[in-house]
Amino acid sequence: MSGWNYERDLEMLPKLVASSADVAPLLNADPDAMPEVIDPRKWHRQETQQRNDCQGFASSSADEASFLLETGSVVQFSPHFAYITAQNIDGIRTDSGSTISGGVEASMEVGACPLDLCPYPASYTRQIPRAAYEAAANYRIQSKAVLTNYDAVRAWIGQGAGGVVWGIMWRFEESSPFVCERFIGGQAPHATAILGYSERKDRSGRPYLWVANSGWPRPGFYEVSPDAVNRAAEDKFTMIVGRSGMAVPAPRPIRFNPLGV
Amino acid sequence: MDLFEPLIQWTAVAVTRFLLSLMVFTPAVLCGDDAIRFPTPAVAPIVAPTPPPPSPDAVSVLPEDHLYVIDADDPCLVLDSPLGVVSVTQEAGPLTVRGKFVGGSGRAETKRFSGKSVFIVEPLKSGRVELLVVPAGADSAGVLRRTLDVKSGVGPQPPPEPDEEIDGPLGLSSASYAGKRAVQSNPGEAKLLAKAHRDVANEAARDPFIVIESAHKSLTEKVGVMPLERRQAWKPWMDRVAARIEELQSAGRLKNAQDWTAAWREIATGLEHGE
């Protein structure tokens, strides 16, 4: 069994809730004031996991969204670094998954490491170069919030707060490949990143969420219906956390050349 | 002579001209109470006794990095007096804008304005300015007035040079205007360049996850409709703006898409000036 596991049994939900940012101001925002569509396929490079490190892929993807918001630039962070640093917090020493709460804490305390300093290894290893830790200290998430339903997730993304990681018992009824209409649950604990919302809308005019999935049942961008998100959010195994406000080094200067000469 | 006499005369002339033009060219449209929406100054939350709602006559503060947005369903004209304290840009609505807003949370946020005309008021320099909103078909009693105290990093200035009176907080409008004056331009070229910058700024304002490099690529494509030799002729303008951008980047003032959105808008303002 590989390719999807996150450790639901070790989650620290009470600790996360206690230190969660207040999302009430976001929820009070007028949904009509949010962008019609936020399409992460414009900037997010699809990745495929080969072990039980789904949380590492989801975490690094959400951190990339935060970096983009802070700098207007795209970077790829290391999923393996996010996986191992979360496992260190969780106290897990084998390739058996990691927790959403451990991943959030790792992003806030240790930071996110650029991919070139900690590439994806051929097999599971706990060895992380010292330079990776040093670089990660420059990319730390500043705040997080436990999100409890579709409206909160959409507001978090639509207001430009950041990306979202969720861990759920992934099983959906799909109306077509990659389009999830109904949450069934109960099959496999899996972490993915919610990075935007699509042009597809339900009968109430609410947009489906864009979910970047690195693994099971197949990697790719999924559109998940608002009802399916709300049903998943009610499931006792679900954990949804928004991340926001990355501290970043000075951005690389951009050359101004609109004339193309 | 009364110090305010020239201002009063200017205002009277401007309003009269506008009212006359409306009488001739537009049907009378009476505005409902909510047809023109102003920002509501922030009110301190949950204090006792409950504070009265802000008076329409109250002076609103427009901080350096904020926008004051007037959202109008019906045709109207917005005049600012004296000139040079704020810039007023009219956009077609409905429009989604990202930024910090008077009456908002104090943080960057995305707001949607549903009116047909959206007037974005941006600070140019510190000082007090009166906004006169003249609805189409309204008589003089229908003119709406709002007073803003503009808090800009730039203090009150002596009578400005032509290329300074349009400047924004980033100093890019004057650089853009000065660069334009160094170019032997053909008719319409400055407007084309200005529109390209404003379009990119508006696109960026609608998407908090915009990639700056992609926006610059889009900008280059829009400008690319100009023949190569004409783009080369505009290089003195670009060099002037690029030098200012380099200064801003070194000072850490162009950090993200929101900063660049303001920059593109200022560049457009400089290009539009005098057209």
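Okay, the pattern of salt bridges next. Taken as a whole and judged by the stated rule, the model has 19 salt bridges over all chains. Linking A:Arg200 and A:Glu223 is a salt bridge whose minimum nitrogen-to-oxygen distance equals 3.2 Å. Here A:Arg200 is found in strand β5 (residues 189–201), whereas its partner A:Glu223 is found in strand β7 (residues 220–224), with 23 residues between them in sequence. For A:Arg200, a relative accessible area of 36% gives the class partly exposed. Given the relative accessible area of 11%, A:Glu223 is considered buried. The salt bridge involving B:Arg128 is made with B:Asp149; its shortest N-O contact spans 3.0 Å. You can see B:Arg128 sitting in strand β9 (residues 127–135) and its partner B:Asp149 sitting in strand β10 (residues 144–151), a full 21 residues away along the chain. The exposure class of B:Asp149 is buried, given its relative accessible area of 19%. Counted as one network, the salt bridges with shared partners bring together A:Asp202, A:Arg206 and A:Asp227.

With that settled, the discussion passes to the packing of helix α3 (residues 54–71) of chain A against helix α4 (residues 79–90) of chain A. Residues and elements named next belong to chain A. Running from N to C, α3 and α4 cross one another at 115 degrees; their axes reach a closest spacing of 7 Å. For the element pair α3 and α4, the recorded crossing hand is right-handed. Packed against α3, whose contacting residues are Gln55, Gly56, Phe57, Ser59 and Ser60, the element α4 presents Pro79, Ala82, Tyr83 and Ala86 at the interface. By residue class, the composition of the contact of α3 with α4 is 5 nonpolar, 4 polar and no charged.

Consider a sheet: its strands pair through backbone hydrogen bonds, and that pairing is either parallel or antiparallel. Residue and element names in this part refer to chain B. The strand order across the open sheet built from 4 strands is β2-β10-β9-β4, with neighbouring strands paired in mixed fashion. Among the strands making up the open sheet, the edge pair consists of β2 (59–63) and β4 (76–81). Each adjacent strand pair in this sheet contributes to an overall mean axis angle of 30 degrees, direction not counted. Judged from the 5 bridges that link them, β2 and β10 form a sheet pairing that is parallel. Within the sheet, the bridge partner assigned to Ser60 lies in β10 and is Leu148.

Residue and element names in this part refer to chain A. Within the secondary structure layout, Ala233 lies in helix α8 (residues 226–234). In this structure, the C-alpha to C-alpha distance between Ala233 and Trp166, residues 67 residues apart in sequence, is 9.3 Å. Setting aside residues no more than four positions away along its own chain, Ala233 makes contact with Thr148, Asn149, Thr238 and Ile240.

Moving on: the packing of aromatic side chains. Residue and element names in this part refer to chain A. In the structure shown here, the tally under the stated rule is 15 aromatic pairs over all chains. Between Phe57 and Tyr120, the ring centres sit 5.3 Å apart and the planes meet at 70 degrees, which makes this aromatic pair edge-to-face. Remark: Tyr120 occurs in the loop between α5 (100–109) and α6 (130–136) and Phe57 occurs in helix α3; sequence separation between them is 63 residues. Looking at Phe57, the relative accessible area reads 4%, which means it is buried. Of the residues examined, Tyr120 reaches a relative accessible area of 24% and is grouped as partly exposed. Each member of the aromatic cluster is reached from another via a ring pair, and the members are Trp170, Phe172, Phe178, Phe183 and Tyr222. Here the basic side chain of Arg51 rests over the ring of Tyr120, its NZ or CZ set 4.5 Å away from the ring centre. Stacked on the ring of Tyr208, the Lys or Arg Arg200 has its end atom at 6.0 Å from the ring centre.

Another aspect to go through is the interface of chain B and chain A. Contacts between chain B and chain A engage 37 residues on the former and 29 residues on the latter. Broken down residue by residue, the surface that chain B buries against chain A is led by B:Arg112, B:Phe209 and B:Met238, which jointly contribute 25%. Taken together, the connections running from chain B to chain A amount to 0 salt bridges. Scanning the region where chain B abuts chain A turns up 3 residue pairs in polar contact (both at pLDDT 80 or more). When contributions to the side of chain B that touches chain A are tallied by element, the ones reaching two or more residues are β6 (95–101), β7 (109–113), α3 (189–206), α4 (212–223), α5 (228–233), α6 (235–250) and α7 (257–272) of chain B. Counting residues per element, the side of chain B that touches chain A draws most heavily on α6(B), which supplies 7 residues. Residue composition of the side of chain B that touches chain A, by class: 19 nonpolar, 8 polar and 10 charged.

Cut-off values and rules
- Residues numbered from 1 in each chain as written.
- Chains lettered and ligands numbered in written order.
- Predicted model: local features only at pLDDT ≥ 70, side-chain atom pairs only at ≥ 80, totals over all residues.
- Heavy atoms only, no water.
- Salt bridge = Lys/Arg side-chain N within 4 Å of Asp/Glu carboxyl O.
- Helix = DSSP H or I, 4+ residues; strand = E, 2+ residues; numbered from the N terminus.
- Buried < 20%, exposed > 50% of the residue type's maximum accessible area, 1.4 Å probe, protein only.
- Axes fitted to C-alpha atoms, helices over the stretch in contact; angles between N-to-C directions.
- Left-handed = near helix turned anticlockwise from the far one by under 90°.
- Contact = heavy atoms within 4.5 Å.
- Nonpolar A, V, L, I, M, F, W, Y, C, P; charged D, E, K, R; others polar.
- Pairing = 2+ DSSP bridges.
- Phe/Tyr/Trp six-rings, centres within 6.5 Å; stacked < 30°, edge-to-face > 60°.
- Lys NZ or Arg CZ within 6 Å of the ring centre and 35° of its normal.
- Buried area = accessible area lost by both parts, 1.4 Å probe.
- Polar contact = N/O pair within 3.5 Å; in protein donor to acceptor, adjacent residues only side chain to side chain.

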